[in-house]
Every structure is written in C-alpha cells, then in structure tokens.
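Each chain is listed here by its residues.
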Amino acid sequence: MRKKPELLAPAGNFEKLRYALHYGADAVYCAGKRFGLRAGAGNFEMEELEEAVRYVHERGKRIYVTLNMIPHNRDLEGLPEYVHALKAMGADAVLVADPGVFAIVRETEPELKVSISTQANNTNWKTVEFWYHQGARRIVLARELGLEEMRTIVEKTPADMEIETFVHGAMCISYSGRCLLSHYMTGRNSNQGDCAHPCRWKYHLIEETRPDEDFSIEEDETGSFIFNSKDLCLIDHIPELINAGIDSLKIEGRMKSLYYVATVVQAYRQAIDYYYDHPEESAVDPKYFQELRKVSHRNYTTGFFEHKTTADDQNYGTSSYTRLYDFAGVVQSYDPETREAVIQQRNKTTVGETVEVMVASSPEGYYVQQVGEMKDEKGNALESTPHPKMLYTMKMDKPVKPMDIIRKKEL
C-alpha cells in the first residue's frame, strides 16, 4: 500500500483557511496581495499571512503561498523582499510558474522549498526531472494528463520530488491556464490573477457582410458555450491516484465559498481515509460523490484522467451552476445540558424544515433533523430566521461543535 497522500485545500481568506483545516485538509494554499493568480480572492495582508502560518502550524498542518503569476519586468519589484518575509514567517513552500521568479526565490532564500505550479505546463517526466535538477522539490502536474502518464512520471521521478495533481474544481479551456482571451476582451490579465472568465460567456456567430444578423452556432436557443468546461471531479478515482503514488491531491477554489470548501474537503477527506483503511475495496462509496453534488457546481467530468477529450465529455452547455442545497448557518457554540446551539444565519431557516447538520470528523459526515424550537438572542420564540447573519439558538438532536454547518435542500 502506498503512503496516504496529502489533501491540499484552497484558502482564499482566513475564514476559509480555518474551515478547510476544520474539515480535514492536511495543508492549504493561499496568496498575499501580490504575485498570485487569484486577484479576486480575498487573499492575505502580510500580518494576516504571519497569523495564518502560526494558526496552521499550531495544528500540525502545512501552508503554501502562491507566487505563480506570469510577471512582466515591473512585477518583479519587491519580490526578493517578499520572499525573505515568507521564509522568515515560516511558510512551508512557495508555488511558482515562471523561471525568473524561480531564480529569484532560489537566489534570495535557497532553503525555501519551491513547488512548480501547474501554470508551468508540467506534462512529462523530463520536465519534472529538469525542475528537480534546478532545486524544486514538488511539481503540480498539468490537468491535461491521464492516469498512465501520471504513473510514468512517478516511476521516473526521484523519490524526494513530490508529485501533486488537481482532483477537483473548475477547469480552464486553455492549456493549464495560459490564456489571453480575458486580456484581449476586457483588459483583465488572467496570467496575472485577474481573469474575467470570458470563456464562460454566451456567444453567437456574426458573418462579416451581415453585421446586423447573429446566428446560433449550436442548436441550443440560449446561445453557444463551446468554451465552457465542466468541473473536474476525481473522487471516484481515489484508489488509482493513491496506488499511482501521487503525493498531494489538490482542490481548486480559492474564490469559492466557505460552504464549498468545507463540503468538498470533508468528502475527499473521508474518501481518502476510508480507502486507505480498506485497500481491499477498489470502488469508492457513491455517497462521497453525492456529497459533492450538494455544493454549487457545474456538471462534473473526469477531464483527461481517462483520456476523454471530446466536447461531450468536457464541455458544458451553459454557464450556470447546479445548486441543490442552501448554506443555512454556522454553529457558534453548543450547550450539552440544554442541547441548544447558537447559530449564525447564512440563509433563512423555518420551524418544521428538514436540515442536514455537517459534523466535522464524524464518520457519517452529517446527520438529518427537523427544525424544532428556535429562539432569538433575547429568548423569544422564532418561526424563521429572516435576517442575514443573525444569531439564534436551535435545539439539536445530536451534539455539535463550533464551525459545524447547517444546510438544507433548496426549495
């Protein structure tokens, strides 16, 4: 049996970082305000990064900071000082995509671990070998690889070179994210963290001599979404990934919600742990995939994992998401004597409704109960919780902990 892989989760801000760890991530990746590829995420000020490193390390976990933008000359200003600061605060590694950034990191802090981002288009074992000889000790594979290619890379890679691959989240129509479409159409540069996602917009065809007429280039009357990829989901392939020797399984989504991060991390945590403890079972329990359907998502695909590269396999006929559940609330505290939890509202909940209570670290992952007695902060009975982020108490069927989540089926 291979070693258990790391579960690596996105942390777009400090709150999401906390929930990623609470629901089972072994490590998180995040960014400061500069040099990363998710300008739309909350990201971290330097003081917040220092606090985040302390918070993560106190829990025996790891934190990686992204430096994976594709920089121009002006973007290199201040980078050596930033790298010094990351090393001083104790970041476990930095992720880079550009050889120039890599060189600056190695020159500035040669002991700081460097991971090569998927943005560097790492598609073969010789590329991995090249980066290893430069001093990198982890590489994130391109999403365009199949299982057999991953196995070959692991077999031909030195034992101390870690292999990381994406298992879940949004996919780009361009080769591992190298895209100029957003910059061309909106002036927002995707290679510097500011993608406007024009590949997910609705398009029609216009012929040069008839500029006032547009034609659908797909039979769907709502328009064409030929660029629009489905979301990657490899939870059913956890056994193959573990047995292939992948060191880290990565979830995409620094711009996703707290609820998304918690739900996806918990599903993968449980699937990894269960298979590792029961290696004789080659199939993954379908319940873990069903958990992933409870977050807002596009239709799922295994992408290139099984070398399915046709439009039907990977393209999605709309830019909209499937949303089956609402994020209803977050537990703030719990009184075991009264069995009441203080909950912060995130969506309206009404007496008589059926909800699911996500309990971190429980074997089942969640339990179902009917909403009974609810009270406001003054102890007055409530029929519903209409006010955003209001605090209320609810009688619980089973014990809960702070940061446990209440969700319900969308009406």
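The shown structure was predicted, so the numbers you read here are calculated from the model rather than taken from an experiment.

A few words on the overall build of the protein. Secondary structure summary: the protein contains 11 helices and 17 strands in total. Taken over 411 residues, the protein has a buried fraction of 53%. Put simply, of all contacts in the protein between residues at least 6 apart along the chain, 69% involve residues at least 24 apart. Of the roughly 18700 Å² of accessible surface on the protein, a fraction of 49% belongs to carbon and sulfur atoms.

Attention shifts here to the sheet that holds strand β12 (residues 340-345). Spatial strand order, β14-β13-β17-β11-β12-β16-β15: 7 strands in an open sheet with antiparallel pairing. The sheet is open, and its two borders are formed by β14 (366-370) and β15 (374-375), each paired with just one other strand. In terms of strand pairing, strand β11 (residues 325-335) meets strand β17 (residues 405-409) through 5 bridges, oriented antiparallel. Residue pairing across strands places Asp-326 opposite Lys-408, the latter belonging to β17. Against the sheet, helix α9 (residues 258-277) touches β11, β13 (354-358) and β17, its axis set at about 95° to β17.

Time to look at the packing of aromatic side chains. Following the criterion strictly, the structure yields 7 aromatic pairs and no others. With a centroid separation of 5.0 Å and 65° between ring planes, the pair formed by Phe-102 and Trp-131 is classed as edge-to-face. Residue Phe-102 is located in helix α4 (residues 99-108), and its partner Trp-131 is located in helix α5 (residues 125-134); the two are separated by 29 residues in the primary sequence. Each member of the pair, Phe-102 as well as Trp-131, carries the same accessibility label: buried. Here the aromatic residues Phe-14, Phe-44 and Tyr-55 are joined through ring pairs into a cluster of three or more. Across the ring face of Phe-166, the terminal group of Arg-143 is positioned such that the distance to the ring centre comes to 3.7 Å.

Next up on the list: α4. A turn of α-helix holds 3.6 residues, and therefore any two residues three or four places apart point the same way. Taken residue by residue, α4 has Val-101, Phe-102, Ile-104, Val-105 and Thr-108 as its buried positions. The arc enclosing the buried residues of α4, seen along the axis, measures out at 165°, which places them on a common side. Looking at α4, the residues exposed on the side facing more than 90 degrees away from the buried face are Pro-99 and Glu-107. Its side-chain oxygen placed 2.9 Å from the backbone nitrogen of Gly-100, Asp-98 serves as the N-cap of α4.

Once that is clear, we can look at unusual backbone geometry. Unlike most non-glycine residues, Asn-121 shows phi in positive territory, near 60°. Along the chain, Asn-121 turns up in the loop between β5 (114-116) and α5. The residue Lys-389 is not glycine, and still its phi comes out positive at about 60°. Relative to the elements of secondary structure, Lys-389 occurs in the loop between β15 and β16 (391-395).

What counts, and where the lines are drawn
Residues numbered from 1 in each chain as written. Predicted model: local features only at pLDDT ≥ 70, side-chain atom pairs only at ≥ 80, totals over all residues. Heavy atoms only, no water. Helix = DSSP H or I, 4+ residues; strand = E, 2+ residues; numbered from the N terminus. Buried < 20%, exposed > 50% of the residue type's maximum accessible area, 1.4 Å probe, protein only. Contact = heavy atoms within 4.5 Å. Areas by Shrake-Rupley, 256 points an atom, 1.4 Å probe, with all protein chains shown as cover. Pairing = 2+ DSSP bridges. Axes fitted to C-alpha atoms, helices over the stretch in contact; angles between N-to-C directions. Phe/Tyr/Trp six-rings, centres within 6.5 Å; stacked < 30°, edge-to-face > 60°. Lys NZ or Arg CZ within 6 Å of the ring centre and 35° of its normal. Arc of directions from axis to C-beta. Polar contact = N/O pair within 3.5 Å; in protein donor to acceptor, adjacent residues only side chain to side chain.

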